[in-house]
Amino acid sequence: MKKILVRPDDSVFVLTGAGISAESGLPAFRASDGLWAGYRVEDVCTPDAWRRDPAGVWAFYAARRDAGQKALPNPAHTALAELEAQLPGRFFLCTQNVDDLHERAGSVNLLHMHGELAKSRCERECGRPPVEDRTVYRALDDVPRCPCGGRLRPHIVFFGEIPLEMDRIQDEIAKAKLMLVVGTSGSVYPAASFVHWARQRGERTVYIGPEEPLNASAFTHVLEGKAGELLPGLIHVENMSSN
Ligand code: APR
């Protein structure tokens, strides 16, 4: 397999999606039946679903929490953490995933643009920050209230809500010389447009996954295969002396 070379002073931006956690046993979202772990997205991951049925939304995310806590990082997560260690201050990882497998593999400069399973926040947006919360709630009555009286909701960006820290993401893409995208179908925006932003700047854009994403034509390289098999050893950071 050909290596992807990175100069030691280049910055790398990585975007990951559900596919990178597939080999850890966490299923991707868009199964062939169009369901999300057996659920319709509209029933569990929209502001309207939360208003109509907070118990159902919590039941779904409590099950995701439980599965996420039992899963372990795989070689793809580890490979990205090792790459970050070789590029101090020049590596940024943006994940659409709400599991914490990247941080458990050792990634540090990391942003969860769609939220985090291991956190909850007030439904009223009362200004209090999200809190660490790994509890697998069995019933809505078990979910604590915020001090303001609002119900705690999963710290998840529902469909129709704006992803987190978009300004920071744009800044990081503007700095990067290489964009690596792993295990995402290219069907959810704005994440699916990041590759276009990088291409407008003429940067290298590499996709890794077992099938072409919907936005495949925007990549300079599409490497077909499983992330856990392709990523380890794929990126080679050149020495200063090899410049
Ligand atoms: N290695 C790499 N990629 C894989 C692997 C693997 N072992 N197995 C599956 N994939 C790929 C699939 O081919 C698919 O293209 O991962 C992709 C998963 O796509 P989706 O299920 O659509 O997940 P994602 O793109 O992350 O979804 C984006 O949409 O559902 C919302 O908020 C949710 O963050 C999520 C966002």
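Everything quoted here is computed from the prediction, not taken from an experiment. (Residues numbered from 1 in each chain as written. Predicted model: local features only at pLDDT ≥ 70, side-chain atom pairs only at ≥ 80, totals over all residues. Heavy atoms only, no water.)

Trainee: Help me understand the nonpolar core, please; the structure alone is not making it clear to me.
Mentor: The nonpolar side chains of a soluble globular protein tend to be buried, and buried together. Formed by 25 residues in total, the largest nonpolar core has its most connected members in Leu80, Phe91, Leu180, Ile208 and Leu231. Element by element, the count of residues in this core is highest for helix 4 (residues 75-86), at four residues. Sequence-distant contacts of Ile208, that is, excluding residues within four places in its chain, are made with Leu180, Val181, Val182, Gly183, Leu223, Gly225, Ala227, Leu230, Leu231 and Leu234. (Core = buried A, V, L, I, M, F, W, Y, C linked by side-chain atoms within 4.5 Å. Buried < 20%, exposed > 50% of the residue type's maximum accessible area, 1.4 Å probe, protein only. Helix = DSSP H or I, 4+ residues; strand = E, 2+ residues; numbered from the N terminus. Contact = heavy atoms within 4.5 Å.)

Trainee: Just checking my understanding: could you explain the packing of aromatic side chains for this structure?
Mentor: A ring pair, where both rings are aromatic, is described by two values, the distance of the centres and the angle of the planes. The full count for this structure, using the stated rule, is eight aromatic pairs. Note on Phe13 and Phe194: the rings are 6.1 Å apart at their centroids and 85° apart in plane angle, and the pair reads as edge-to-face. Pair noted here: Phe13 is in strand 2 (residues 12-16) and Phe194 is in helix 7 (residues 194-200), with a separation of 181 residues, a long-range link. Like Phe194, Phe13 is buried. Plain terms: the ring middles of Tyr39 and Phe60 are 4.8 Å apart, the flat faces sit at 75° to each other, and that makes the pair edge-to-face. Note that Tyr39 is positioned in the loop between strand 2 and helix 1 (41-44) and Phe60 in helix 3 (residues 54-70), a separation of 21 residues in sequence. Judged by its relative accessible area of 33%, Tyr39 falls in the partly exposed class. Given a relative accessible area of 2%, Phe60 falls into the buried group. Three or more aromatic residues joined by ring pairs form one cluster here, namely Phe13, Phe92, Phe194 and Trp197. The ring of Phe158 carries Arg153 above its face, with NZ or CZ at 4.1 Å from the centroid. (Phe/Tyr/Trp six-rings, centres within 6.5 Å; stacked < 30°, edge-to-face > 60°. Lys NZ or Arg CZ within 6 Å of the ring centre and 35° of its normal.)

Trainee: Help me understand the site of the ligand, please; the structure alone is not making it clear to me.
Mentor: Every one of the 22 residues lining the ligand counts as a neighbour, but Ala18, Glu23, Arg30, Thr184 and Ser185 are closest to it. At 3.4 Å from an oxygen atom of the ligand is found a main-chain nitrogen or oxygen belonging to Gly19. Ala227 is positioned such that a nitrogen or oxygen atom in its backbone is 2.9 Å from a nitrogen atom of the ligand. A total of 730 Å² of accessible area belongs to the ligand in isolation, and the protein chains cover 91% of it. Here the shell around the ligand is composed, by residue class, of 10 nonpolar, eight polar and four charged. Lining the shell around the ligand are residues from two domains, each supplying at least three of them: domain 1 (1-26 + 73-114 + 163-243) and domain 2 (27-70 + 120-156). (Near = heavy atom within 4 Å. Polar contact = N/O pair within 3.5 Å; in protein donor to acceptor, adjacent residues only side chain to side chain. Areas by Shrake-Rupley, 256 points an atom, 1.4 Å probe, with all protein chains shown as cover. Nonpolar A, V, L, I, M, F, W, Y, C, P; charged D, E, K, R; others polar. Domains from an automatic or database assignment.)

Trainee: Is there a simple way to explain the sheet that holds strand 5 (residues 115-122) in this structure?
Mentor: Strand pairs in the sheet, formed through backbone hydrogen bonds, run parallel or antiparallel to each other. The strand order across the open sheet built from three strands is 6-5-7, with neighbouring strands paired in antiparallel fashion. Of all the strands in the sheet, the pair left with one neighbour each is strand 6 (131-132) and strand 7 (152-156). Taken together, the five bridges between strand 5 and strand 7 define a ladder with antiparallel strand orientation. Bridged to Arg121 within strand 7 is Arg153. (Pairing = 2+ DSSP bridges.)

Trainee: Explain the domain arrangement of the protein chain here, please?
Mentor: By a widely used convention, the size of an interface equals the accessible area lost when the partners come together. Entries for the protein chain in the domain assignment read domain 1 (1-26 + 73-114 + 163-243) and domain 2 (27-70 + 120-156). Of note, the centres of domain 1 and domain 2, computed from C-alpha atoms alone, are 27 Å apart. Opposite the 11 residues of domain 1 that make contact, domain 2 presents 10 residues. Summing both partners gives a buried area of about 830 Å² for domain 1 against domain 2, and 60% of it is carried by carbon and sulfur. Here domain 1 and domain 2 share one salt bridge between them. As a salt-bridge pair, Asp100 and Arg134 come within 3.1 Å of each other at their nearest N and O atoms. Applying the counting criterion to the domain 1 and domain 2 interface returns two residue pairs in polar contact (both at pLDDT 80 or more). Considering only residue class, the side of domain 1 that touches domain 2 consists of five nonpolar, four polar and two charged. (Buried area = accessible area lost by both parts, 1.4 Å probe. Salt bridge = Lys/Arg side-chain N within 4 Å of Asp/Glu carboxyl O.)

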